[in-house]
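# Results of the structural survey
So you can see what is in the structure, the chains are spelled out below.
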Amino acid sequence: MSEDEPEPIENASNAESVQEQNAPEEQDVPMQTDDPSPDAEEQHNRASENDFFKHSACIEVARCSWDRPVRQNYLQGCHWSPDGTCVLTTVNNDGMHIVELPTDLYSNDSVSEDRPVDLLTSAVHVKEGGLVYDCAWYPAMNSGRPETCCWIASRQHEPIQLWDAFTGGLRCSYKGYDQFDEVEAALSLTFAPVDGATLYGGYKKSIKCFDTKVPGRETCSWRTKSTASCMAIASTMPQTILYGSWNRSISALDARSGECLSVGNYAPENSHSAGVTWIVFAPDTESLFVTGARKDPKLLFWDVRKLTQPVRTLQRTCGTNQRIYLDFSPLGQWLISGDSRGVLHAWNLHELDEQGQPKELLFPLHWDCLNGVSFHPHNPIMATASGQYHFPSAWQDTEDGEPEVAAGAPEEVPPVAKGGDRPKVENSLTMWWIGEGLFSDE
């Protein structure tokens, strides 16, 4: 890992003075790209989302597993890179991992159900350095431009750190300070949409803003009444930060004035019953966003033009305090979510059932809690992450190292999708083909 100072950043009037006060720790920070979005040809070649889940089936194409339950190596979400070449995931007690997409899937129009499942290993591994609170890819990440291949992560007792996606080395740090002028860890992270020129960190009593090109101390900060446990920004409203909190509240922060507007209220029909853990905007309209909470079966749809009450409510099974992610398909037709039973919920937002609700499909993909879901940005491929904390009394190690069920442990588990038998504790990152499939007549 290089110990050199980063090269000067152009077009930053205050860069010199800030760098003198807050010298960056490691390598170069990413430079902004002229065209961070996929080119027109790539967008034109995207498979029609009408073909997603067309045969009511998901074909498993690749998997990476952490097999020993005694180590509690459960996964905590997964995120496709913006260029679709790899997946980022965090593993409890085992740091952060990047797993690459099998090369034969880059240009496939269909996949056979008889295709062998690729057993993957991590291409990049950042070893355990504390509990990972949140992570996010640099929005302009492109494998053809190595300087853009990076992600940010916030870990327990550490500042926000920028990591190199090729080497796994630390590039630099962004330090948020509390009222005692001590460095504190961010609990949630998000980049400014599209170009990633600005980085936002959610803290216990504030949201802080950092210039991505200038590592070091925050450039500005806004006090909040509650902890920012998750955040989201729409590209059409770059100055508005939506954030949820562990006290069930959702707020909209205007970065220009610092004013906060409450979303909904504490009435049961207008709020979650527990702490909000995830917010995501719909990519097709960006006036619609969805929120989910821990130990709360409700998914609430909100319209930024009417924040007093949700416009729609969907249901999932969420019996855990763990964050269970949501994700929209690239064109916004589908919304997917995991649940604590290992079942994938997929809603077609363009088709309504007799009750006027989006048509829902259920896929029992994992034996354990399905906590992470992520659509590939260009192809009909989906990544899922599974696992959750299991109390040590529920599992024992046999002499050969394989787990066995202890007395009194539950034995019933949901069925599993095509791919063979699985252990009842399943810590895995799995890739699924959800487009056109080739199936036998049997």
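Residues numbered from 1 in each chain as written. Predicted model: local features only at pLDDT ≥ 70, side-chain atom pairs only at ≥ 80, totals over all residues. Heavy atoms only, no water.

## Looking at the overall build of the protein
Operational definition: Numbering of helices and strands runs from the N terminus, with a helix taken as a DSSP run of H or I at least four residues long and a strand as a DSSP run of E at least two residues long. For every residue, the accessible area obtained with a 1.4 Å probe (protein chains only) is divided by the maximum for its type, and the residue is called buried under 20%, exposed over 50%, and partly exposed between those limits. Throughout, a residue-residue contact means that at least one pair of heavy atoms, one from each residue, lies within 4.5 Å. For the accessible areas, the method is Shrake-Rupley and the probe is 1.4 Å, while residue cover comes only from the protein chains on display.
Scanning the protein from N- to C-terminus turns up two helices and 35 strands. Residues counted as buried form 57% of the 442 residues belonging to the protein. A separation threshold of at least 6 residues defines the contact pool for the protein, and within that pool the share at least 24 residues apart is 56%. When the accessible surface of the protein is split by element, carbon and sulfur atoms take 47% of a total near 19900 Å².

## A closer look at the layout of surface pockets
Heads up, the condition is: Cavity and pocket criteria rest on a 1 Å grid covering protein atoms alone: a 1.4 Å probe that fits but cannot get out defines a cavity, protein on both sides within 12 Å along at least 5 of 7 lines defines an open pocket, and an atom within 4 Å of a point defines a lining residue. Grid points are joined across faces, edges and corners, and a volume is the space filled by probe spheres set on the points. Classification convention: Asp, Glu, Lys, Arg as charged; Ala, Val, Leu, Ile, Met, Phe, Trp, Tyr, Cys, Pro as nonpolar; all other residues, Gly among them, as polar.
In this structure, the second largest pocket spans a volume of roughly 640 Å³. In terms of lining, the second largest pocket is formed by 25 residues, of which the most central are Gln 76, Leu 131, Asn 321, Gln 322 and Arg 323. Here the lining of the second largest pocket takes four residues from strand β8 (residues 132–137), the largest share from any one element. Looking at the lining of the second largest pocket residue by residue, the classes come out as 11 nonpolar, 11 polar and three charged.

## Description of the pattern of salt bridges
Formally: Salt bridges are counted wherever a side-chain nitrogen of Lys or Arg sits within 4 Å of a carboxyl oxygen of Asp or Glu.
For the structure shown, the criterion picks out 13 salt bridges. Taking the shortest distance from any N to any O, the salt bridge between Asp 51 and Lys 54 comes out at 3.8 Å. Using a relative accessible area of 29% as the deciding quantity, one classes Asp 51 as partly exposed. One salt bridge connects Arg 155 with Glu 158, and the closest N-O pair in it is separated by 3.1 Å. Among the charged side chains, a network of salt bridges with common partners joins Asp 104, Arg 115 and Asp 118.

## With respect to the nonpolar core
Quick reminder of the rule: For the purposes of this section, nonpolar cores are sets of buried Ala, Val, Leu, Ile, Met, Phe, Trp, Tyr and Cys residues that join through side-chain atoms within 4.5 Å.
Core analysis: the biggest nonpolar cluster contains 29 residues, and Phe 53, Leu 335, Leu 344 and Met 382 have the highest contact counts within it. Mapped onto this core, the elements with two or more residues apiece are β22 (276–281), β24 (298–303), β26 (326–328), β27 (334–337), β28 (343–352), β29 (358–364) and β30 (370–375). With residues up to four places along the chain from it excluded, the contact list for Leu 344 reads Phe 53, Ile 336, Ser 337, Leu 361, Leu 362, Phe 363, Leu 365, Leu 370, Val 373 and Met 382.

## Concerning the sheet that holds strand β13 (residues 188–191)
Quick reminder of the rule: For two strands to be treated as a pair, DSSP must find at least two bridges joining them. Axis angles are defined between N-to-C directions and span 0 to 180 degrees, where every axis is a line fitted to C-alpha atoms and, for a helix, only to the segment in contact.
An order of β13-β14-β15-β17 is seen for the four strands of this open sheet, with the pairing classed as antiparallel. A strand with exactly one partner marks an edge of an open sheet, and here the two such strands are β13 and β17 (220–223). Mean inter-strand twist for the sheet, computed between neighbouring axes without regard to direction, equals 15°. With four bridges connecting them, strand β15 (residues 206–211) and β17 associate as antiparallel partners. Directly across from Ser 206, in β17, lies its bridge partner Arg 223.

## Some words on the pairing of β30
In terms of burial, β30 is a largely internal element, six of the six residues being buried. One ladder, built from five bridges, connects β30 with strand β31 (residues 381–386); its direction is antiparallel. Residue Phe 375 lies in a different strand from β31, and its bridge partner there is Met 382. In sequence, β30 turns back onto β31 through a hairpin of five residues.

## A word on the side chain of Ser 226
As a reminder, the rule being used: As used in this structure description, the phrase polar contact means that two N or O atoms lie within 3.5 Å; if the pair is within protein, one of them must be able to donate a hydrogen and the other to accept it, and residues adjacent in sequence are counted only when both atoms belong to side chains.
Summarising the element assignment, Ser 226 is placed in the loop between β17 and β18 (230–232). Take Ser 226: its relative accessible area is 8%, and that puts it in the buried class. There is a polar contact of 3.4 Å between the side chain of Ser 226 and the side chain of Ser 245.

## Some words on the sheet that holds β18
Judged by pairing direction, the sheet is antiparallel, and its four strands sit side by side in the order β18-β19-β20-β21 without closing on themselves. The sheet terminates laterally at β18 and β21 (260–263), the two strands that pair on one side only. Direction aside, the axes of adjacent strands within the sheet are offset by 25° on average. With five bridges joining them, strand β19 (residues 240–244) and strand β20 (residues 250–254) adopt antiparallel strand pairing.

## Re the side chain of Ser 245
Along the polypeptide, Ser 245 turns up in the loop between β19 and β20. For Ser 245, a relative accessible area of 2% corresponds to the buried category. Within the local environment of Ser 245, its side chain forms a polar contact with the side chain of Asn 247, the two groups lying 3.2 Å apart. The contacts of Ser 245, once residues within four sequence positions are left out, are Ser 226, Thr 227, Ser 229, Gly 275 and Val 276.

## Some words on the confidence of the model for the protein
For the record, the criterion: On a scale of 0 to 100, pLDDT captures the predictor's confidence in every residue.
Across the protein, the average pLDDT comes to 84, with 81% of residues at 70 or higher. Here residues 33–47 scores under 50 on pLDDT; set against residues more than four positions off or in separate chains, the count is 16 contacts.

## So, the pairing of β24
With six of six residues buried, β24 is to be regarded as a mostly interior element. Along β24, one buried face is formed by Lys 298, Leu 300 and Trp 302 and the opposite face, lined by Leu 299, Phe 301 and Asp 303, is buried too. As paired elements, strand β23 (residues 288–293) and β24 share five bridges and run antiparallel to each other. Bridge assignment links Gly 292 to a residue of β24, and that residue is Leu 299. Two successive antiparallel strands, β23 and β24, enclose a turn made up of four residues, where Lys 295 displays a positive phi of approximately 50°. In the sheet, β24 pairs with strand β25 (residues 312–315) via four bridges, with the strands oriented antiparallel. Opposite Lys 298, over in β25, you have Gln 315 as the bridge partner.

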